[in-house]
Structure formats: C-alpha cells, structure tokens
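Coordinate inspection notes
Next come the chains, spelled out residue by residue.
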Amino acid sequence: MAMSVRSRKTLITAVALTGGLTLAAVTPALAGARANHSTRAAAVSSAQGDPRNVSQHVADFYGAYIDAVWSTDDRSAGDAAKALRAFYLSTAAQKKVAAFEKKEHADGILFAQNVPVKWKVTYTGSGAGHATSRVTLTWGDGPHAEVSRIDVQSDLKTLKITDLKSVR
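Residues numbered from 1 in each chain as written. Predicted model: local features only at pLDDT ≥ 70, side-chain atom pairs only at ≥ 80, totals over all residues. Heavy atoms only, no water.

Under the annotation held in an unreviewed UniProt entry, the protein carries the name SnoaL-like domain-containing protein and is attributed to Streptomyces incarnatus.

Rendered as structure tokens:
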C-alpha cells in the first residue's frame, strides 16, 4: 500500500522527534553530568499524581522539600523550602515545627540535621476529618542504610499537614 507524501512527512517528523528526545534524555547520562551531588537516572521512570489525594499531597511536599534542602548550592533553595512549608503546613503545624527546630537544632520536617537520599509515602488510615501518611526516609545507599519514619497527619478538607511525629 502506498503512503501519501503527508503521511511520510508525519512519520519522518515523529521518528526525528522521538530520536531527538531519546538523545536529549541519554546524553547527560552518557556524558556523566553531575552537580555537587551524584545524579542517578533510572532505566525506566514514571510518575503520576492526583492533587485531590491526601497522601499524594504529602508525597509532593516531601519530594519538593527534600529537593530544596538538598540543593545547598542554589541560593533560592532556602526561600523555596520556606514557601513549601507555608503552602503545605497549617499555621499550627508550622509553629510546632519551628519550636522543634529551636529546641533540637535540627530540621523539623525531616527530624534530622542532614538530608535523606530517598523518601516514600504510604497512606496508613483516616478518621475524624484527618488522614495519616507514613513517610519513610532513607539516609544513604546500600543494604545497611539508615531509615527513619514520620507519621504525617493531614486535614481531609484542606489537605494541609496538621501534625508531624517522628516514629521511633
């Protein structure tokens, strides 16, 4: 069956675009591009989200917050972390975090003085207008990496984080 000129142009454009996008995705990995922190690329990666999902909201916060505090070489990172706290945390939770930080001299979101290399958020239940998510933070790579856990309570209407508790 013969292909029209328009169909051929469309096919060639699609192949060229796919090739260009593939090259753009692979080139940094092949070139060994890295910032001050080691860069990791997954062979297959996908992400999705739902702004109505309370645990997704917590995951979005922790992902963006960890990115901001990890980026010590970016002058805007501190302002970004503050803005994230203001957006995702209730006023009461912000005050509780600030009190923890003053007393413990550690980050009141991560309950630590350093930054984890991985994080995971799991929904653990809900009731009385709130949902709880368990945040698991991994502090290093390898089989003996340290792990800590934080229970994060969120308001089901506003999705604001209303409480954070380190789980021992």
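Right, picking up where we left off after that structure.
1. Description of the sheet that holds strand β4 (residues 161-167)
The following threshold applies: Whether two strands pair comes down to DSSP finding at least two bridges between them. A run of DSSP states H or I qualifies as a helix once it reaches four residues; a run of E qualifies as a strand once it reaches two. Both are numbered from the N-terminal end. To get an axis, a line is fitted to the C-alpha atoms, and for a helix only the part in contact is used. The angle between two axes follows their N-to-C directions and goes from 0 to 180 degrees. Whether two residues are in contact is decided by their heavy atoms: any pair within 4.5 Å suffices.
Across the sheet, four strands lie side by side as β1-β2-β3-β4; this open sheet has antiparallel pairing. Each edge of the open sheet is held by one strand with a lone partner, namely β1 (118-127) and β4. The average undirected angle you get between the axes of adjacent strands in this sheet is 20°. Direction of pairing for strand β2 (residues 130-139) relative to strand β3 (residues 146-155): antiparallel, over a ladder of 10 bridges. Counterpart to A131 in the pairing with β3 is S154. The sheet contacts of helix α2 (residues 54-70) involve β1, β2, β3 and β4, and relative to β1 the element is tilted by about 150°.

2. Concerning the pairing of β1
Pairing of β1 with β2, which is carried by nine bridges, proceeds in the antiparallel orientation. When the sheet's bridge partners are listed, T122 is paired in β2 with R134. Two successive antiparallel strands, β1 and β2, enclose a turn made up of two residues, where A128 displays a positive phi of approximately 55°.

3. A look at the pattern of salt bridges
Going by this rule: Salt bridge, as used here: a side-chain nitrogen of Lys or Arg that lies within 4 Å of a carboxyl oxygen of Asp or Glu. Exposure is judged per residue with a 1.4 Å probe applied to protein chains only, and the accessible area is read against the type maximum: over 50% gives exposed, under 20% gives buried, and values in between give partly exposed.
The full count for this structure, using the stated rule, is seven salt bridges. For K96, the salt bridge goes to D163, with nearest N and O atoms at 2.6 Å. You can see K96 sitting in helix α4 (residues 91-104) and its partner D163 sitting in strand β4, a full 67 residues away along the chain. Given a relative accessible area of 12%, D163 falls into the buried group. Between K118 and D141 there is a salt bridge; the shortest N-O distance is 3.7 Å. Remark: D141 occurs in the loop between β2 and β3 and K118 occurs in strand β1; sequence separation between them is 23 residues. Residue K118 is classed as partly exposed on the basis of its relative accessible area of 43%.

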